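Results of the structural survey
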Amino acid sequence: QGATGTFENGFGNITIENSDYLTKAGNYMAVIEATSDGQKEIGMAWFNAKTFTLYVQHDWNQMTYGISDQMNITLKGYEKISGWSGSEPTGTPKNLSSAWVQSIEKEGMWGVPYKKRSQLAQMASICNANQCQLLLNLTGFSQGSYNLLINAEDTSGNQVEGYYWMRVEVLGIRMPMKKMD
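Scoring rules and cut-offs
Residues numbered from 1 in each chain as written. Predicted model: local features only at pLDDT ≥ 70, side-chain atom pairs only at ≥ 80, totals over all residues. Heavy atoms only, no water. Salt bridge = Lys/Arg side-chain N within 4 Å of Asp/Glu carboxyl O. Helix = DSSP H or I, 4+ residues; strand = E, 2+ residues; numbered from the N terminus. Buried < 20%, exposed > 50% of the residue type's maximum accessible area, 1.4 Å probe, protein only. pLDDT = per-residue confidence, 0-100. Contact = heavy atoms within 4.5 Å. Disulfide = S-S within 2.5 Å. Pairing = 2+ DSSP bridges. Axes fitted to C-alpha atoms, helices over the stretch in contact; angles between N-to-C directions. Phe/Tyr/Trp six-rings, centres within 6.5 Å; stacked < 30°, edge-to-face > 60°. Patch = residues over 30% accessible without salt bridge, like charges linked within 9 Å, V, L, I, M, F, W, Y side chains within 5 Å. Areas by Shrake-Rupley, 256 points an atom, 1.4 Å probe, with all protein chains shown as cover.

**Remarks on the pattern of salt bridges**
Applying the stated criterion to the full structure yields five salt bridges. Two residues, D154 and K94, come together in a salt bridge whose shortest N-O distance is 3.3 Å. Highlighted residues: D154 in strand β13 (residues 144-154) and K94 in the loop between β8 (88-93) and β9 (96-106), separated in sequence by 60 residues. For the pair D154 and K94, a shared accessibility class is recorded, and that class is buried. One salt bridge connects E169 with R167, and the closest N-O pair in it is separated by 3.1 Å. When its relative accessible area of 12% is taken as the criterion, E169 is described as buried. You can call R167 partly exposed: its relative accessible area is 23%.

Structure representation (structure tokens):
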């Protein structure tokens, strides 16, 4: 229901209409049933629906934090991304009103939230036009790598999800790189 498709020689496209089934941004699974020559086949397809695009700007030099640091990342909203200029997208800006970390998973503990939004009391976002600074105090985090599910809301109340990876360390030890001739 709510989907149409065309197929030829075993290949095709399916269009899912914007309907009551897609009430918010997120990951969805579609169960697809196809019939050909009296034979029925069932398959699945995963897709991500978005009301707008959230770009989580990674500072590759600052993805590792100390156990009492403050994480500070930049989020940008776009109605549509039309291209890339270096490592940044270009396109039609989408004004943001707020941003927050919805949940955090510690790597190796998949499917089990390390912390939920309600447990992140020292979190704030500062938004201006299509950009938000998301601040999170990491006091109380244990050493390890984390995946963050980030939500942002535009000025019309639409929400979208994005992801961020970070590492928290008590002490970082790095091996010096030797220049090869």
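**Some points on the confidence of the model for the chain**
Should pLDDT be low for a region, the predicted coordinates there are not to be read in detail. In the predicted model, the chain carries a mean pLDDT of 84, and the fraction of residues at 70 or more is 90%. Predicted confidence in the chain is weakest over strand β1 (residues 3-8), with a mean pLDDT of 76, and strongest over β9, with 95.

**Concerning the environment of M29**
Mapped onto the elements, M29 comes out in strand β3 (residues 26-36). Owing to a relative accessible area of 39%, M29 belongs among the partly exposed residues under this scheme. For M29 and W46, which are 17 residues apart along the polypeptide, the C-alpha to C-alpha distance reads 4.4 Å. Setting aside its immediate chain neighbours within four residues, M29 contacts M44, A45 and W46.

**A word on the state of the cysteines**
Enumeration over the complete set of coordinates arrives at one disulfide. Between the sulfur atoms of C127 and its disulfide mate C132 the distance is 2.0 Å. Residues C127 and C132 are joined by a disulfide whose S-S torsion is about 105°; by sign, that bridge is right-handed. Judged by relative accessible area, which is 0%, C132 ranks as buried.

**Focus on the sheet that holds strand β14 (residues 159-169)**
As a general point, the strands of a sheet are linked pairwise by backbone hydrogen bonds and lie either parallel or antiparallel. On the basis of which strands lie adjacent, the open sheet formed by five strands has the order β6-β14-β13-β9-β10 and mixed pairing. Two strands in the sheet have a free side with no partner beyond their single neighbour: β6 (64-66) and β10 (113-116). Taking the axes of each pair of neighbouring strands and ignoring which way they run, one obtains an average angle of 35° across the sheet. In the sheet, β9 pairs with β10 via three bridges, with the strands oriented antiparallel. Note that in β10 the partner of S103 across the bridge is K116.

**Notes on the packing of aromatic side chains**
Per the stated rule, a full pass over the model turns up four aromatic pairs. On the basis of an interplanar angle of 55° and a centroid distance of 5.0 Å, the ring pair of Y114 and Y146 is categorised as tilted. Pair noted here: Y114 is in strand β10 and Y146 is in strand β13, with a separation of 32 residues, a long-range link. What makes Y146 buried here is its relative accessible area of 0%. Aromatic rings pair up to connect Y114, F141 and Y146 into one cluster.

**Remarks on a nonpolar patch on the surface**
On the surface, a nonpolar cluster with roughly 620 Å² of combined accessible area is contributed by M29, V31, I42, M44 and W46. For the nonpolar patch, the secondary-structure elements that each account for two or more residues are β3 and β4 (39-49). Assignment of secondary structure puts W46 in strand β4. Residue W46 is classed as exposed on the basis of its relative accessible area, which comes to 66%.

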